[in-house]
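A closer look at the structure
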Amino acid sequence: MPKKLLLLPPLSASSAFRVPRARPAPPPAMNAARTGYRVFSANSTAACTELAKRITERGCDLGDPTRRVRPQSKETRVEIKESVRGQDIFIIQTIPRDVNTAVMELLIMAYALKTACARNIIGVIPYFPYSKQSKMRKRGSIVCKLLASMLAKAGLTHIITMDLHQKEIQGFFSFPVDNLRASPFLLQYIQEEIPNYRNAVIVAKSPDAAKRAQSYAERLRLGLAVIHGEAQCTELDMDDGRHSPPMVKNATVHPGLELPLMMAKEKPPITVVGDVGGRIAIIVDDIIDDVESFVAAAEILKERGAYKIYVMATHGILSAEAPRLIEESSVDEVVVTNTVPHEVQKLQCPKIKTVDISLILSEAIRRIHNGESMAYLFRNITVDD
């Protein structure tokens with residue numbers, strides 16, 4: 001059977017040398033995320049703006065949201081002036097004197113960014129407010145857990161903070177929390193700014209702060225001292241609800257119920273465990289708020305022979321009469337970081353010095369945005385630090 005030939009039409013000169021057209025690129029997916037990130041300052045105070053500028057000098061522009069406070073009702077209103085759709089947004093919020101206003105500013109801004117379709121909303125809160133209210137006190141409440149739930153509801157997906165008062169606070173959140181440490185900066189200050197620091201001893205003003213002091217002493221290869229005695233008042237001395245409900249007069253007790261007799265807690269006389277005679281005493285803690293306990297510790301160390309006394313902490317809240325008390329005390333220098341605004345206190349007391357920690361916050365922002373490991377920021381950091 002003869003084969004049939006398939007005849008093709010002749011090619012024209014133009015079609016013989018025609019270059020095939022390139023196929024158009026497919027349109028981007030609707031949920032494709034942009035790779036940029038933005039940094040916003042949650043309040044317009046000079047301290048918060050200054051910290052935000054220091055952080056953003058290392059590779060990102062600072063956003064400029066509009067914040068308005070209505071004079072009649074004192075309500076805060078936030079408007080985002082630029083598109084943030086599909087971006088990672090970092091909100092920097094320092095905690096000034098008006099803590100509740102700062103919290104509301106953070107919540108309102110986070111919700112505004114969530115409404116504007118930001119991909120991730122990360123709160124950079126160097127000092128986390130209400131961190132001292134992380135335990136049950138009698139018939140009170142765990143306010144820190146309440147605040148964590150509010151931040152999650154407002155739209156935050158991540159938090160960067162520093163030196164939480166209790167590390168267990170991280171368990172209150174339903175999203176990741178990076179609890180950075182300020183100790184490398186404070187250790188560097190000791191080595192570079194304290195003359196003859198090899199003759200120093202690290203002091204814990206109460207047994208509760210002994211682990212932190214031990215961590216500092218081991219890394220500096222220095223001695224350790226602990227102040228213990230009846231002059232100290234710790235959080236454990238407060239009523240925590242174990243005596244609730246209160247005793248009722250004329251109440252009948254079940255005849256078979258015999259509870260063991262509770263011995264009242266009694267502290268020993270004031271004692272300094274460790275040798276501080278003829279040395280520099282460096283008291284370390286995480287928060288300096290009411291300074292009466294630090295002033296009392298400095299007086300005791302002076303009596304025991306310490307010739308120079310430093311107080312170092314991450315968060316310098318320095319409320320009430322703290323600057324005046326520090327100026328009139330035996331403390332030679334108070335060193336804190338810029339996690340909390342304290343410019344006014346520095347004007348009132350020249351003994352207060354500041355260590356900048358914006359570098360580690362900037363690096364944390366960069367690593368989180370790029371999906372890099374945060375382990376480098378925690379190298380040589382102990383659990384008790």
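In what follows, the structure referred to is the one given above.
Overview of the structure. Note that this is a predicted model, so its numbers are computed, not measured. (Residues numbered from 1 in each chain as written. Predicted model: local features only at pLDDT ≥ 70, side-chain atom pairs only at ≥ 80, totals over all residues. Heavy atoms only, no water.)

Enumeration according to the criterion identifies 3 aromatic pairs in this entry. The interplanar angle of 75° and the centroid separation of 5.5 Å between the aromatic rings of Phe128 and Phe173 together place this pair among those described as edge-to-face. With a gap of 45 residues between them, Phe128 in the loop between strand 5 (120–124) and helix 4 (143–154) and Phe173 in the loop between strand 6 (158–162) and strand 7 (177–180) connect regions that are remote in the sequence. Relative accessible area serves as the criterion here: at 3%, Phe128 is assigned to the buried category. Here the aromatic rings of Phe173 and Phe175 are separated by 5.4 Å at their centres, their planes lie at 55°, and the arrangement is tilted. By the burial criterion, Phe173 is buried, and Phe175 matches it. Across the ring face of Tyr216, the terminal group of Arg219 is positioned such that the distance to the ring centre comes to 5.9 Å. Residue placement shows Arg379 over the ring face of Tyr376; its charged tip is 4.1 Å from the ring centre. (Phe/Tyr/Trp six-rings, centres within 6.5 Å; stacked < 30°, edge-to-face > 60°. Helix = DSSP H or I, 4+ residues; strand = E, 2+ residues; numbered from the N terminus. Buried < 20%, exposed > 50% of the residue type's maximum accessible area, 1.4 Å probe, protein only. Lys NZ or Arg CZ within 6 Å of the ring centre and 35° of its normal.)

Before going further, it helps to spend a moment on the sheet that holds strand 4 (residues 88–92). As summarised here, the arrangement of the 5 strands in space is 1-4-5-6-7, forming an open sheet in which the pairing is parallel. The outermost strands of the open sheet, each flanked by one partner alone, are strand 1 (37–41) and strand 7. Averaged over all pairs of adjacent strands, the angle between their axes in this sheet comes to 15°, without regard to strand direction. With 5 bridges joining them, strand 1 and strand 4 adopt parallel strand pairing. Residue pairing across strands places Val39 opposite Phe90, the latter belonging to strand 4. (Pairing = 2+ DSSP bridges. Axes fitted to C-alpha atoms, helices over the stretch in contact; angles between N-to-C directions.)

Judged by pairing direction, the sheet is mixed, and its 7 strands sit side by side in the order 10-9-8-11-12-13-14 without closing on themselves. Since the sheet does not close on itself, it has two edges, and those belong to strand 10 (271–273) and strand 14 (352–355), each with one partner. Averaged over all pairs of adjacent strands, the angle between strand axes in this sheet comes to 25°, irrespective of strand direction. Here strand 8 (residues 200–204) pairs with strand 11 (residues 280–288) via 4 bridges, running parallel. The residue of strand 11 that forms the bridge with Val203 is Ile283. Sitting on the sheet, helix 6 (residues 210–220) touches strand 8, strand 9 (223–228) and strand 11, and the angle it makes with strand 8 is about 165°. Contacting strand 8, strand 9, strand 10, strand 11 and strand 12 (308–316), helix 7 (residues 292–303) crosses the sheet at an angle of about 170° to strand 11. (Contact = heavy atoms within 4.5 Å.)

In this model, helix 10 (residues 358–370) (13 residues) spans 18 Å end to end at C-alpha, consistent with the 18 Å of a helix rising 1.5 Å per residue. Residue Gly371 follows helix 10 closely and has a positive phi angle near 70°. (Expected span 1.5 Å × (residues − 1).)

Turning next to the packing of helix 3 (residues 99–115) against helix 4. In contact at an axis separation of 8 Å, helix 3 and helix 4 are set at 25° when each is read in the N-to-C sense. As summarised for this structure, helix 3 and helix 4 are arranged roughly parallel, according to the angle between their axes. Taking contact as the criterion, the partners of Val103, Leu106, Leu107, Ala110, Tyr111 and Lys114 in helix 3 are, on helix 4, Leu147, Met150, Leu151, Lys153 and Ala154. Residues belonging to the contact of helix 3 with helix 4 are distributed by class as follows: 9 nonpolar, no polar and 2 charged. (Parallel < 35°, antiparallel > 145°, perpendicular 65-115°, else oblique. Nonpolar A, V, L, I, M, F, W, Y, C, P; charged D, E, K, R; others polar.)

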